[in-house]
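Here are the chains, one letter per residue:
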Amino acid sequence: DNYAVGQQSNTLLEIQREEEAERQRALRKEAARLQEEEETRRRRKKSSRQQLISFKEESEADRLASAFKAAAEKVAAARREEAMSVEAHMNSYIKRMMAEWEKELEAQPEDEKKTGEGKQALLQFRATQKSFLVLYQRIEEGTIADDIKAALWLMVRAMKERNYLHASEIYVRLAIGNAPWPIGVTSVGIHDRSAREKISFAMNGQAHIMNDEATRKFIHGFKRLLTWVQKTYPTDPSRCLNFNATRKDLDSLKSAEKRGEALQLAAAPHFLGKDGAVKAPSKWQDVLKHSGVNNKKE
């Protein structure tokens, strides 16, 4: 009996040892599997990180290459324009700025396009684009008036020099002109005041440019283009009209400085002489005469 009990005990011990050994093997196998999974996870994470870094580097490289290409194209276009005639130069510059404006609107996020400000910006662009069709036609056909051509040429030169204050001054003088405007009461009952005759078409020889609807539209469109160019190509605030009125000029200026654009321009010229005395602004006809545009009359 004692022998049987001893044999049974030995058998139980062997079973326990085998079960323990089996549990140990299972634990070691599980530990090895977990370690392998951890290493695989680490390798996968490292690979994903490297791919992300590589993607970012490629994206940054592509962005820089795209920006460099765009800048090179702008410089090349500006150089080609310098060799063009006045009419072709104006036509090329206006179309180039309008293309950049359209590209900027298309690049906006869809959420921004659906806002009131986004819709208004698109409407302004489309109105400007439509009004310029007449301007393009008159420039190409050579039927644009000499004074308007000279004034627009002065505005284009000022915009390219980033002197938006001067461009705005030319715009105002072009819009107002030298034609007499009715001030106060010019007609009471059936009797007209004598000054009314001075405003008539027959007395002045020609109507004011703003009396031509098509001309009025593309001149107003030029003012909208001027506002966009001032925001897109920032400069010294002294050269701007109503700097940061829309709270975008300052942001554009800071972004341009971060990109390293050369903005060390001289302050806008003023009407003070070397002795500090106030100079009288040049007459409008003298301004147009020295614009560099050859008038047909001459």
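Residues numbered from 1 in each chain as written. Predicted model: local features only at pLDDT ≥ 70, side-chain atom pairs only at ≥ 80, totals over all residues. Heavy atoms only, no water.

> Just to check I follow, could you spell out the overall build of the chain for this structure?
Across its full length, the chain carries ten helices and two strands. Ordered by position from N to C terminus, the α and β elements of the chain give α-α-α-α-α-α-β-β-α-α-α-α. By sequence separation, contacts in the chain at least 24 residues apart represent 67% of the contacts at least 6 residues apart. (Helix = DSSP H or I, 4+ residues; strand = E, 2+ residues; numbered from the N terminus. Contact = heavy atoms within 4.5 Å.)

> What is the right way to look at the nonpolar core in this model?
The nonpolar side chains of a soluble globular protein tend to be buried, and buried together. Core analysis: the biggest nonpolar cluster contains 39 residues, and Phe132, Leu135, Leu152, Met159, Phe222, Leu225 and Val229 have the highest contact counts within it. The set of elements that each furnish at least two residues to this core consists of helix 2 (86-106), helix 4 (116-141), helix 5 (146-160), helix 6 (164-176) and helix 8 (213-232). At ten residues, helix 5 tops the list of elements feeding residues into this core. Look past the residues within four positions of Val229 in its chain and what remains in contact with it is Tyr93, Met97, Met159 and Tyr164. (Core = buried A, V, L, I, M, F, W, Y, C linked by side-chain atoms within 4.5 Å. Buried < 20%, exposed > 50% of the residue type's maximum accessible area, 1.4 Å probe, protein only.)

> Any chance you could explain the packing of helix 4 against helix 8 here in plain terms?
The packing of two helices is summarised by the inter-axis angle and the distance between the axes. Taken N-terminus to C-terminus, the directions of helix 4 and helix 8 make an angle of 125 degrees; their axes are 8 Å apart at the nearest point. Classified by the angle between their axes, helix 4 and helix 8 sit oblique to one another. Considering only the axes of helix 4 and helix 8, their crossing is left-handed. Side by side, helix 4 and helix 8 meet where Gln124, Ala127, Thr128, Ser131, Phe132, Val134, Leu135 and Arg138 of the first sit next to Ala214, Thr215, Lys217, Phe218, Gly221, Phe222, Arg224 and Leu225 of the second. Broken down by class, the residue content of the contact of helix 4 with helix 8 amounts to eight nonpolar, five polar and three charged. (Axes fitted to C-alpha atoms, helices over the stretch in contact; angles between N-to-C directions. Parallel < 35°, antiparallel > 145°, perpendicular 65-115°, else oblique. Left-handed = near helix turned anticlockwise from the far one by under 90°. Nonpolar A, V, L, I, M, F, W, Y, C, P; charged D, E, K, R; others polar.)

> Could you clarify how one ought to interpret helix 6 in this entry?
Think of an α-helix as 3.6 residues a turn; residues three or four steps apart then line up on the same face. For helix 6, spanning 13 residues, the distance from its first C-alpha to its last is 18 Å, which sits close to the expected 18 Å at 1.5 Å a residue. Every buried residue belonging to helix 6 is among Tyr164, Ala167, Ser168, Ile170, Tyr171, Leu174 and Ala175, and all of these are buried. Taken down its axis, helix 6 places every buried residue within 160 degrees of arc, on the same side. (Expected span 1.5 Å × (residues − 1). Arc of directions from axis to C-beta.)

> Sorry, what's going on with the packing of aromatic side chains here?
Between two aromatic rings, the relevant description is the distance of the centres plus the angle of the planes. By the definition in use, this model includes four aromatic pairs. Each ring, one from Trp101 and one from Phe125, has its centre 5.3 Å from the other, and the planes form 75 degrees; the classification is edge-to-face. Here Trp101 is found in helix 2, whereas its partner Phe125 is found in helix 4, with 24 residues between them in sequence. Residue Trp101 is classed as buried on the basis of its relative accessible area of 4%. Taking the relative accessible area as the measure of exposure, Phe125 reaches 3% and is therefore buried. Centre to centre, the rings of Phe132 and Tyr136 are 6.1 Å apart; their planes meet at 55 degrees, and the pair counts as tilted. Of this pair, Phe132 and Tyr136 are both found in helix 4, four residues apart, which corresponds to roughly one turn of the helix. Given the relative accessible area of 0%, Phe132 is considered buried. Feature note: the residues Trp101, Phe125 and Trp228 constitute an aromatic cluster, connected by ring pairs. (Phe/Tyr/Trp six-rings, centres within 6.5 Å; stacked < 30°, edge-to-face > 60°.)

> I would appreciate a short explanation of the pattern of salt bridges in the present structure.
Where charged atoms from two side chains of opposite charge come close, those side chains can pair. One pass over the full model with this rule turns up 15 salt bridges. Among the salt bridges present, the one from Arg25 reaches Glu22, with a minimum N-O distance of 2.5 Å. Here Glu22 and Arg25 lie together in helix 1 (residues 2-82), a separation of three residues that amounts to about one turn. Exposure remark for Arg25: the relative accessible area of 42% places this residue in the partly exposed category. Classification of Glu22 by relative accessible area gives partly exposed; the value is 46%. Put simply, Glu37 and Arg33 hold a salt bridge, and the shortest N to O gap is 2.5 Å. Highlighted residues: Glu37 and Arg33, both in helix 1, separated by four residues, approximately one helical turn. For Arg33, a relative accessible area of 36% translates into the label partly exposed. (Salt bridge = Lys/Arg side-chain N within 4 Å of Asp/Glu carboxyl O.)

> Mind showing me how you'd approach unusual backbone geometry here?
Peptide bonds are, in most cases, trans, and in most cases residues other than glycine have a negative phi. Phi at Arg162 is positive, roughly 60 degrees, even though this residue is not glycine. Along the polypeptide, Arg162 turns up in the loop between helix 5 and helix 6.

> Please explain the confidence of the model for the chain as it appears in this structure.
The predicted coordinates should not be examined in detail at positions where pLDDT is low. Chain-level pLDDT for the chain is 76 on average; 67% of the residues reach the 70-or-more range. Across residues 195-207, where pLDDT falls below 50, the model places 13 contacts with residues more than four positions away in sequence or in other chains. (pLDDT = per-residue confidence, 0-100.)

> Looking at this model, I keep getting lost on the environment of Tyr164. Mind explaining?
Residue placement: Tyr164 occurs in helix 6. Judged by its relative accessible area of 0%, Tyr164 is buried. Considering only alpha carbons, one finds Tyr164 and Pro234, 70 residues apart in sequence, at a separation of 9.5 Å. Apart from the residues within four sequence positions on either side, Tyr164 is in contact with Met159, Leu226, Val229, Gln230, Tyr233, Thr235, Arg239 and Cys240.

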